[in-house]
Amino acid sequence: MAAHVNPSRRIFIGAGLGGALLALTGCGGRTGDVPAGTAPAQGSTGGGAGSKLKVFGAYATPIEEPWDGVIHQALQKVADEGLITYTHSDNIGYDGGMERILRDVCNTDKPAIIFGDAFGNEDPTRAVAKDFPDVAFAFGSGEEEVAPNYSVFDNWIHDPAYLAGMLCGGMTKSNVLGVVGGLPVPEVNRIVNAFIKGAQEVNPKVSVKVTFINSWFDPAKAKQAALAQVAAGADVLFAERAGVIEAAKEKGLLSIGCMGDQKEQAPESVMASVTWNMEPTVRAVIEAVQSGTFSASNLKDHSFMKNGGSDLTEVNTAVAGGIPQDLVGRVAARKAEMKSGAFTTPVIETTPAGSVELS
Amino acid sequence: MNVVALIAATLVTATPLLYATIGEIITERSGILNLGIEGTMYAGAFGGFIVTANTGSPLLGLLAAVVTGMLAGGLMGLLTVTLGVNQHVAGIGTTLLLIGASEFSNRLLFGGGSLTQTAKFALLFTGVPVLEMYLLTMLGLAVVAPLAWWLLRSTGLGLRLRAVGENPEAADAAGISVERTRYVALVIGGALMAVGGAFLTLAVLGTFTLNITNGRGWVAIALVIFARWRIWPAVASALLFAVVDAAQLQLAITPTFAHVPRELMIALPYLAVIIALAVAGRGLRYPGAYLKPYRRT
């Protein structure tokens, strides 16, 4: 997530004026934002048996950014159930803030578990984990776990991406699809390549236009990239990044959402969304820490569709023009095979070309 | 390459730059470098979005953006004209403040939830080649740019504005209020920058997202220098940047260019501006009182 550089101090500098604006508009709001080190000590110390575990979230990007948002939502949900006490700091950025905040929290707040995303902060997070072996670290990462206390996870949502590809391959009339992604890192490549394979399974004549906008979050740019794909003939779009659905809506085309369920944005256009769910990962780590069995591991399996970590939302057959039942059935059958283990989605992490033609 | 789509995409990409660049030219010609531009665009995008979300009217949202931009310009005036603070520091501070305030308010109002869709300006002349554009694009090209050109060139205000930007001592001696003129320039410039930002929320997306301007203000700063503080070259430079960007988006997904490194394709519009600056930017003459706060001695 290295491109989204967004110094955390902005939010704090703006706090005063923001508060004034809020008072003027007279609207209520929520502040989930507890700056590191200032969180009041709640409950007992982290590892105490029988009491709620203390969990801290450390996010490089704002939680409005979908990737870290998924981790935050899962932890918030578990906290709402009363399983843990949860505080977090977001928008930490990539300029040294991560290590400082993690050390600060480990020294003052002593959480039992720290979740976060290490993309762009791999070394700082590992350095802190080494110095605090009693704290369980679980970080989104493209690298390996480190014994004894640093586990890694990643969004393994290639299964639903493959299914989305099948839908798009079946619905295109021009035999050209468009995908707009963030940056060509292995995690995103995996999704895009699985999507392409799925499309090719249903429609061997399909070609796929792939654009990376070199940013994790620039919806205006993503929309322009999608419109360029439409100009090149694409008639079904996969919105790996925000902004693409707006282009599909404007041109009256079908689309696929990503990360969260994005049907609301354009019910006439969004056929389904590829979603990631961190709850299985979060619960597994919490249970392991509670039972004293936590050790460094790669938690990726918990993000697999068969374990409930990712999914393709229910196919929205109410889109403009409808979706044929046999295609919906075919996707459902493939989904069942993925869950039973009868079908394994290919994992390809090389960068797809800008235009993937028939092989 | 699809030329009709290329023109349409160029106009959309150029519009925020067009407004921001004209706004910055008006400000800089009065002797103030306004690095608050990125934050002003951001705040304009947010202010326009909030009002549109609450009223359902993009026109009221546009008005809110104008007011936001005028306030942002006024703040820059307070810092650089009244207090005489270093313009680089004041500008970057203003940008950080406005982005922080927008993000913080957004957090309080929408609590990290999904994107809220609002009403937005529709495309005019949909399906008609070349003419298919947003109202703000048309206004920018056909009204704002000629008006700004005429303002700077032929009106009393424009003359005073350039006078305080070139030689504030002489202007002051001639009875022109340096402070008031610079405030006026900052307020007008700020309003235009904010409209450029609001174009993203009110026309392109119909929603606000964090990081919405994504450095477009900094591009405008470069375009102003490239255009040598003149309006029509500024319009041309915004269109040049946009056309290269639109072209690379189309070319990168053709079979011919599919294997050219993406980083190179993405960098093309910036390269075009840097090369243009290197070629056309030599022997630049900055406004005479550029970066200098004015104090009567």
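The structure displayed is predicted, hence computed values, not measured ones.

## Comments concerning the overall build of chain B
Next up, step 1: Looking only at helices and strands, one finds 11 helices and 2 strands in chain B.
Next up, step 2: Walking chain B from its N terminus toward its C terminus, one meets helices and strands in the order α-α-α-α-β-β-α-α-α-α-α-α-α.
Next up, step 3: Computed over C-alpha atoms, the radius of gyration of chain B comes to 19 Å, within 12% of the 19 Å expected from 2.2 N^0.38 for 297 residues, which places it in the range of a compact globule.
Next up, step 4: Here the C-alpha coordinates of chain B stretch approximately 65 × 45 × 35 Å along the principal axes.
Next up, step 5: Residues counted as buried form 56% of the 297 residues belonging to chain B.

## Brief notes about the interface of chain A and chain B
Next up, step 1: Chain A puts 56 residues into the contact, and the matching count from chain B is 46 residues.
Next up, step 2: Here chain A packs against chain B, burying approximately 4300 Å² in sum over the two surfaces, 60% of which is carbon and sulfur.
Next up, step 3: Our enumeration of links across chain A and chain B arrives at 5 salt bridges.
Next up, step 4: Taken together, the links from chain A to chain B amount to 14 residue pairs in polar contact (both at pLDDT 80 or more).
Next up, step 5: The dominant element in the side of chain A that touches chain B, judged by the number of residues it contributes, is helix 8 (residues 219-231) of chain A, at 9 residues.

## Points about the packing of helix 2 (residues 37-55) of chain B against helix 8 (residues 178-205) of chain B
Residue and element names in this part refer to chain B.
Next up, step 1: One way to put it is that helix 2 packs onto helix 8 with a least axis distance of 7 Å and a crossing angle of 55 degrees. Classified by the interaxial angle, the pair formed by helix 2 and helix 8 is oblique. Crossing hand, helix 2 versus helix 8: right-handed. The segment helix 2 lies against helix 8, with Ile 37, Thr 40, Met 41, Gly 44, Ala 45, Gly 48, Phe 49 and Thr 52 engaging Gly 190, Met 193, Ala 194, Gly 196, Gly 197, Ala 198, Thr 201 and Leu 202.

## Details of the UniProt feature "transmembrane region" (unreviewed entry) in chain B
All names here are of chain B.
Next up, step 1: Under the present numbering, the feature "transmembrane region" (unreviewed entry) in UniProt falls on residues 30-52, 59-83, 89-109, 121-152, 183-205, 217-244 and 264-284.
Next up, step 2: Segment residues 30-52 splits into 70% helix and 0% strand. End C-alpha atoms: 33 Å apart.
Next up, step 3: For residues 183-205, the end-to-end C-alpha separation is 32 Å, with 100% helix and 0% strand making up the annotated structure.

## Quick notes on the UniProt feature "domain: ABC transporter substrate-binding protein PnrA-like" (unreviewed entry) in chain A
Next up, step 1: Here the UniProt feature "domain: ABC transporter substrate-binding protein PnrA-like" (unreviewed entry) sits at residues 67-297 of chain A.
Next up, step 2: The distance from the first to the last C-alpha atom of residues 67-297 of chain A is 21 Å, and the span holds 43% helix and 21% strand.

## Side note on the sheet that holds strand 1 (residues 53-58) of chain A
Within a sheet, adjacent strands bond to each other through the backbone by hydrogen bonds, running parallel or antiparallel.
Residues and elements named next belong to chain A.
Next up, step 1: The strand order 2-1-3-4-5 describes an open sheet built from 5 strands, whose pairing is parallel. Bordering the open sheet on either side are strand 2 (84-89) and strand 5 (150-153), each of which pairs with just one other strand. When the angles between neighbouring strand axes are averaged without regard to direction, this sheet yields 20 degrees.
Next up, step 2: Packed on one face of the sheet, helix 3 (residues 66-80) meets strand 1, strand 2, strand 3 (113-117), strand 4 (136-140) and strand 5 and runs near 155 degrees to strand 2.
Next up, step 3: Strand contacts of helix 5 (residues 122-131): strand 4 and strand 5, with the helix running at about 145 degrees to strand 5, the strand carrying the most contacts.

## Things to note about helix 6 (residues 158-171) of chain A
Next up, step 1: End to end, helix 6 of chain A covers 20 Å across 14 residues, agreeing with the expected 20 Å (1.5 Å per residue, within 8%).
Next up, step 2: The buried fraction of helix 6 of chain A is high, at 13 of 14 residues.

## Comments concerning the sheet that holds strand 6 (residues 176-181) of chain A
Next up, step 1: Pairing within the open sheet is mixed, and its 7 strands lie in the order 11-10-9-8-6-7-12 (chain A). Two strands bound the open sheet, and with one partner strand each, they are strand 11 (310-312) and strand 12 (355-356) of chain A.

## Points about the confidence of the model for chain A
Next up, step 1: Mean pLDDT for chain A: 85, with 86% of residues reaching 70 or above.
Next up, step 2: Predicted confidence in chain A is weakest over helix 2 (residues 15-25) of chain A, with a mean pLDDT of 40, and strongest over helix 6 of chain A, with 97.

## Examining the packing of aromatic side chains
Residue and element names in this part refer to chain A.
Next up, step 1: Counted under the stated rule, the structure contains 20 aromatic pairs over all chains.
Next up, step 2: Note on Phe 195 and Phe 238: the rings are 4.7 Å apart at their centroids and 20 degrees apart in plane angle, and the pair reads as stacked. In this pair, Phe 195 is assigned in helix 7 (residues 186-202) and Phe 238 in strand 8 (residues 236-239), connecting sequence segments 43 residues apart.
Next up, step 3: Looking at Phe 238, the relative accessible area reads 0%, which means it is buried.
Next up, step 4: The ring of Trp 156 has Lys 300 lying over it, and the distance from NZ or CZ to the ring centre is 4.3 Å.
Next up, step 5: Here the basic side chain of Arg 334 rests over the ring of Phe 343, its NZ or CZ set 4.1 Å away from the ring centre.

## What to know about a nonpolar patch on the surface
Residue and element names in this part refer to chain B.
Next up, step 1: Residues Leu 135, Leu 139, Val 143, Leu 147, Trp 149, Trp 150 and Trp 232 make up a contiguous nonpolar surface patch of about 640 Å² in total accessible area.
Next up, step 2: Tracing the backbone shows Val 143 in helix 5 (residues 135-154).
Next up, step 3: Here Val 143 falls in the partly exposed class, since its relative accessible area comes to 39%.

## Examining the environment of B:Asn86
Residues and elements named next belong to chain B.
Next up, step 1: You can see Asn 86 is positioned in the loop between helix 3 (58-82) and helix 4 (87-110).
Next up, step 2: Accessibility expressed as a relative area gives 43% for Asn 86, which makes it partly exposed.
Next up, step 3: Only 3.0 Å separates the side chain of Asn 86 from the backbone nitrogen of Val 89, close enough to count as a polar contact.

## Some details on unusual backbone geometry
Next up, step 1: The omega angle of the peptide bond from A:Ala147 to A:Pro148 is 5 degrees, so this bond is cis rather than trans.
Next up, step 2: For A:Pro148, the location among the structural elements is in the loop between strand 4 and strand 5.
Next up, step 3: The backbone of A:Lys110 sits at a positive phi, close to 45 degrees, despite the residue not being glycine.
Next up, step 4: By the secondary structure assignment, A:Lys110 is in the loop between helix 4 (97-108) and strand 3.
Next up, step 5: Residue classification places A:Lys110 among the partly exposed positions, given a relative accessible area of 44%.
Next up, step 6: We note that B:Phe125 has phi near 50 degrees; this positive angle belongs to a residue other than glycine.
Next up, step 7: Following the sequence through the fold, B:Phe125 ends up in the loop between strand 1 (123-124) and strand 2 (133-134).
Next up, step 8: Take B:Phe125: its relative accessible area is 43%, and that puts it in the partly exposed class.

## Quick word on the side chain of A:Asp154
Next up, step 1: By the element assignment, A:Asp154 lies in the loop between strand 5 and helix 6.
Next up, step 2: Not counting chain neighbours up to four residues away, the residues in contact with A:Asp154 comprise A:Trp67, A:Phe119, A:Ser141, A:Glu187, A:Arg190, A:Trp276 and A:Ser303.

## A closer look at the pattern of salt bridges
Next up, step 1: All told, the structure shown has 23 salt bridges over all chains when counted by the stated rule.
Next up, step 2: One salt bridge connects B:Lys120 with A:Glu246, and the closest N-O pair in it is separated by 3.3 Å. Of this pair, B:Lys120 sits in the loop between helix 4 and strand 1 while A:Glu246 is found in helix 9 (residues 244-251), placing the two residues in two different chains.
Next up, step 3: We classify A:Glu246 as buried; its relative accessible area is 6%.
Next up, step 4: Close ionic contact of A:Arg334 with A:Glu337 constitutes a salt bridge, the shortest N to O distance being 2.4 Å. With a gap of 3 residues between them, A:Arg334 and A:Glu337 both fall in helix 11 (residues 325-340), about one helical turn apart.
Next up, step 5: In this structure A:Glu337 comes out as partly exposed when scored by relative accessible area, which is 30%.
Next up, step 6: Three or more residues joined by partner-sharing salt bridges are found here, namely A:Lys223, A:Glu246, A:Lys249, A:Glu250 and B:Lys120.

So, how was this worked out
Residues numbered from 1 in each chain as written. Chains lettered and ligands numbered in written order. Predicted model: local features only at pLDDT ≥ 70, side-chain atom pairs only at ≥ 80, totals over all residues. Heavy atoms only, no water. Helix = DSSP H or I, 4+ residues; strand = E, 2+ residues; numbered from the N terminus. Rg over C-alpha atoms; globule rule 2.2 N^0.38 Å. Buried < 20%, exposed > 50% of the residue type's maximum accessible area, 1.4 Å probe, protein only. Contact = heavy atoms within 4.5 Å. Buried area = accessible area lost by both parts, 1.4 Å probe. Salt bridge = Lys/Arg side-chain N within 4 Å of Asp/Glu carboxyl O. Polar contact = N/O pair within 3.5 Å; in protein donor to acceptor, adjacent residues only side chain to side chain. Axes fitted to C-alpha atoms, helices over the stretch in contact; angles between N-to-C directions. Parallel < 35°, antiparallel > 145°, perpendicular 65-115°, else oblique. Left-handed = near helix turned anticlockwise from the far one by under 90°. UniProt positions renumbered as here; feature names shortened; annotations may be inferred. Pairing = 2+ DSSP bridges. Expected span 1.5 Å × (residues − 1). pLDDT = per-residue confidence, 0-100. Phe/Tyr/Trp six-rings, centres within 6.5 Å; stacked < 30°, edge-to-face > 60°. Lys NZ or Arg CZ within 6 Å of the ring centre and 35° of its normal. Patch = residues over 30% accessible without salt bridge, like charges linked within 9 Å, V, L, I, M, F, W, Y side chains within 5 Å. Areas by Shrake-Rupley, 256 points an atom, 1.4 Å probe, with all protein chains shown as cover.

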